[in-house]
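Per-entry structural report
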Amino acid sequence: MSDTHQPSKETLLEIYRIATLIKQADDRFIELIKAGQIASPYYSPRGQELIPAAISVNLKPSDYVVTTYRGIHDQLAKGIPLKPFVAELLGRATGTCKGKGGPMHITHVASGLPVTTGIVGAGLPIANGLAWAAQLNGTDQVTVVNFGDGASNIGAFHEALNLAAVWKLPVIFVCQNNRYAEHTHYSLGTGAATIADRAIGYGIPGVEVDGNDAVQMWRAARDAVARARAGEGPTLIEANTFRFRGHLLGDDSHYIPKEEMAEAVAADPVPRMRAWLIGQGHASDSQLAAIEAANVAAFEEAVEFGLASPYPDVSELDKDVVAEGAHA
Amino acid sequence: MSTTAQKKINTAQAINFALHDAMELDRSVVVLGEDIADDQGGGVFKCTAGLSAKYGTGRVKSTPIAEQAIVGAAVGGALAGLRPVAEIMLMNFTTVAMDQIVNHAAKLRFMTGGQTHVPLVIRTTTGAGFGTGGQHADYLEAWFAHTAGLKVVAPATPADAYGLLLSCIFDDDPCIFIENLPLYFQPGDAPVRGERIPLGKAKVVQEGSDITLVSYSRTLHEVVAAAKGLAKEGISAEVIDLRSIAPLDFDTVRASAAKTGRVVVAHEAQVDFGVGAEIAARLHKDLFGTLKAPVARVGAARSPVPFSKPLETAFVPTRERILAAIRETLD
Ligand SMILES: Cc1ncc(C[n+]2csc(CCOP(=O)(O)OP(=O)(O)O)c2C)c(N)n1
Ligand SMILES: [Mg+2]
């Protein structure tokens, strides 16, 4: 029985808006890095835009999203305000973390982004705690935790899935399977045929979807969110995708066969969705162009804000280590 | 001196040479870690380049991202007679394997009454300065040095990296071998191939009479630069590179301190509860009446490594901060 439920036209356009905002942000950050404005490694999510875009339209502002160093797509999709977001990447005092966290650790509690980790796998156990608190407090908050295919091989993944199952937590484990962990292909690091297959060992649903297909991704997220909100427990979603810009900026992807890369780039999900929206009659070219132009304008305003912002004062080193007034 | 000693190489190459030479010498030497085989690029920093091509993927294993499994396999391999060299990509990721390191590698010799021992090396790297923020640049040597059963080694030059790594590999106890990211690319004198540098022996980098400066790893280079500046002012500093943190060559430090009466210890790890505290305590015990000034310590701020550039710069023990501590100690 195939699922034919379609997102509304508005939902589809919102997914597209978010996806193009991510693409815009990624392009612009790379320019800023090359211009020497951001002094940090950068882990581009290009190619993975539709996953968080299609998840986020199923979430409420109060829901939590946990992500990783490769996380700007997840943060933008969750609705992080652009100005302090860009300022954080630039290490400015006006950034979401006062410049202390940086590109690998962008968090914004007010947007439901309470933790972004640089430690592979570490987000999953923490997501359980967020979900547990929601369960205890009787809120209907859902926690989505994003991680890579490589992360599914670390102990934290396995411990967290089991605990979430036993405690029936309102948590959604989203494995963004981009086929590579640093320079290691999926098949060299992972024994299971699919990551979704692993769910059965923990007694939870495991769903494999094409993460580069907005509608499929939207349906999987919709079901997992409904299950979590209804108190029925966690879901593992494996969203198949690809990363176009290597592990981090400067990586020439020499370990990826040329044909594999070419095929993935030819199937770039963002232009593909654009063509599909027009082909299906959901939007006209000029409507989509207007969305894109609005993204560019909003983003440029944020970049201007960030570049004009001051760096944090050195005295900030002593602050936020422990509660104000307490001794570090 | 052999001609190879005149050549310059960097620390990444020195480590690569040591691994090649150890594997060539002894079939029980095996290497494992994330992305270390040649198909994955021979290590993120190329320290393991060429090993899998030469010695095969049986002895040189790329692993999944699973630090606990990596160190656990190294412990097991070591118990069964191998000499595993595990690469943990960055020092912060050793935290994921702390049970294997602290509860097992460090303690099994003792807990089995000497029936077993664990001759493994954990090579790892760290260091602030690249804008990686709070989870990728910590110096955690004091944690390991605080654990009985572990040796902790932190070279500052390519030649030392080579000779000390060979010693660690052929040592019969577990060694934590701390490399430094920025130093990977800094050239220095090439080592004499095959020559090991004993663990637990500090190096007097420069002799002097007015003050003793103790350091290791990257901070040593800041200390040497500071000492050069002092020399222009007629101040004669003795610079000691610890090389090994545990075992600590306290004899060398004490002898120098007895001579100069003034000591500054500088390291990139935060000051509080650090290696400097251990040295200061021992010096104050042995030379309480002789010291002309309290032992001074310079290190990172007591905060996580910050991202923003001005904060990151202020976080690490800069030459200026080292000089300020020296001047205060000389006053
Ligand atoms: C515990 C730990 N080990 C190693 C690393 C280094 N590292 C950073 S990202 C990465 C690869 C992760 O791959 P995957 O989970 O597939 O995510 P992707 O980067 O592809 O999004 C590795 C090994 C780390 N950050 N944390
Ligand atoms: Mg991956």
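Please read all numbers here as calculations on a predicted model, not as lab measurements.

Bringing the interface of chain A and chain B into the picture now. Listed by partner, the interface residues are 38 residues for chain A and 32 residues for chain B. Both sides together, the interface formed by chain A and chain B hides about 2600 Å², and carbon and sulfur atoms give 64% of it. By the criterion of area lost to chain B, the three top residues of chain A are Ile119, Glu182 and Leu317 of chain A, representing 22% of everything that side buries. Taken together, the links from chain A to chain B amount to 10 residue pairs in polar contact (both at pLDDT 80 or more).

Bringing the packing of aromatic side chains into the picture now. What the rule picks out here adds up to 11 aromatic pairs over all chains. Judged by centre distance (5.7 Å) and plane angle (70 degrees), the ring pair of phenylalanine 147 of chain A and phenylalanine 157 of chain A falls under edge-to-face. With a gap of 10 residues between them, phenylalanine 147 of chain A in strand S3 (residues 143-148) and phenylalanine 157 of chain A in helix H6 (residues 155-167) connect regions that are remote in the sequence. Neither residue differs from the other here; phenylalanine 147 of chain A and phenylalanine 157 of chain A are each classed as buried. An aromatic cluster of at least three residues, connected via ring pairs, comprises Phe29, Tyr42, Phe85 and Phe299 of chain A. Above the ring of phenylalanine 17 of chain B, the side-chain terminus of arginine 193 of chain B is found at 4.0 Å from the ring centroid.

Our focus in this paragraph is the coordination of the magnesium ion (ligand 2). All names here are of chain A. Looking at the magnesium ion (ligand 2), the protein donor atoms are Asp149 (OD), Asn178 (OD1) and Tyr180 (O), and they sit 2.1 Å from it. Of note, the donors binding the magnesium ion (ligand 2) are all from one chain and are spaced D-x28-N-x1-Y. Here tyrosine 180 lies in strand S5 (residues 180-181) and aspartate 149 lies in the loop between S3 and H6, a separation of 31 residues in the sequence. Exposure remark for aspartate 149: the relative accessible area of 2% places this residue in the buried category.

When the UniProt feature table is mapped onto this chain, "domain: Dehydrogenase E1 component" (unreviewed entry) is found at residues 22-313 of chain A. Taken end to end, residues 22-313 of chain A has its terminal C-alpha atoms 30 Å apart, with 43% of it in helix and 12% in strand.

The next point concerns the layout of surface pockets. Residue and element names in this part refer to chain B. Of the volumes computed, that of the second largest pocket is approximately 740 Å³. In terms of lining, the second largest pocket is formed by 35 residues, of which the most central are Ala142, Trp143, Asp272, Phe273 and Gly274. Broken down by secondary-structure element, the contributors of at least two residues to the lining of the second largest pocket are helix H6 (141-145), strand S12 (244-246), strand S13 (263-270) and helix H10 (275-286). The element contributing the most residues to the lining of the second largest pocket is H10, with five residues. Across the lining of the second largest pocket, the residue classes tally to 21 nonpolar, seven polar and seven charged. Split by domain, the residues of the lining of the second largest pocket number at least three in each of domain 1 (8-189) and domain 2 (203-330).

Below, the discussion takes up the UniProt feature "domain: Transketolase-like pyrimidine-binding" (unreviewed entry) in chain B. Feature annotation in UniProt places "domain: Transketolase-like pyrimidine-binding" (unreviewed entry) on residues 9-186 of chain B, given in this structure's numbering. Across residues 9-186 of chain B, the secondary structure splits into 37% helix and 19% strand, with the terminal C-alpha atoms separated by 8 Å.

Right, let's talk about the packing of helix H1 (residues 9-34) of chain A against helix H10 (residues 269-279) of chain A for a bit. Residues and elements named next belong to chain A. One can describe the packing of H1 onto H10 by two numbers: an axis separation of 10 Å at closest approach and a directional angle of 150 degrees. Classed by the angle they form, the pair H1 and H10 counts as roughly antiparallel. The crossing of H1 and H10 is left-handed. Facing Leu12, Leu13, Ile15, Tyr16, Ala19, Thr20 and Lys23 of H1, the residues of H10 in contact are Val270, Met273, Arg274, Trp276 and Leu277. Taken together, the residues of the contact of H1 with H10 sort by class into nine nonpolar, one polar and two charged.

All names here are of chain A. Taken together, the six strands give an open sheet; going across it, the order is S2-S1-S3-S4-S8-S7, and neighbouring strands pair in parallel fashion. Single-partner strands in this sheet number two, and they are strand S2 (116-117) and strand S7 (206-210). As paired strands, strand S1 (residues 64-68) and S3 are joined by three bridges and run parallel to one another. By the bridge assignment for S3, tyrosine 64 is matched with threonine 143. Sheet contacts for helix H8 (residues 214-229): strand S4 (171-177), S7 and strand S8 (235-240); angle to S8, the most-contacted strand, approximately 170 degrees.

Calculation criteria
- Residues numbered from 1 in each chain as written.
- Chains lettered and ligands numbered in written order.
- Predicted model: local features only at pLDDT ≥ 70, side-chain atom pairs only at ≥ 80, totals over all residues.
- Heavy atoms only, no water.
- Contact = heavy atoms within 4.5 Å.
- Buried area = accessible area lost by both parts, 1.4 Å probe.
- Polar contact = N/O pair within 3.5 Å; in protein donor to acceptor, adjacent residues only side chain to side chain.
- Phe/Tyr/Trp six-rings, centres within 6.5 Å; stacked < 30°, edge-to-face > 60°.
- Helix = DSSP H or I, 4+ residues; strand = E, 2+ residues; numbered from the N terminus.
- Buried < 20%, exposed > 50% of the residue type's maximum accessible area, 1.4 Å probe, protein only.
- Lys NZ or Arg CZ within 6 Å of the ring centre and 35° of its normal.
- Donors = N, O, S within 2.8 Å, 3.2 Å for Na, K, Ca; no water.
- UniProt positions renumbered as here; feature names shortened; annotations may be inferred.
- 1 Å grid on protein atoms, 1.4 Å probe; cavity = no way out; pocket = protein on both sides within 12 Å on 5 of 7 lines; lining within 4 Å.
- Points joined across faces, edges and corners; volume = space filled by probe spheres on them.
- Nonpolar A, V, L, I, M, F, W, Y, C, P; charged D, E, K, R; others polar.
- Domains from an automatic or database assignment.
- Axes fitted to C-alpha atoms, helices over the stretch in contact; angles between N-to-C directions.
- Parallel < 35°, antiparallel > 145°, perpendicular 65-115°, else oblique.
- Left-handed = near helix turned anticlockwise from the far one by under 90°.
- Pairing = 2+ DSSP bridges.

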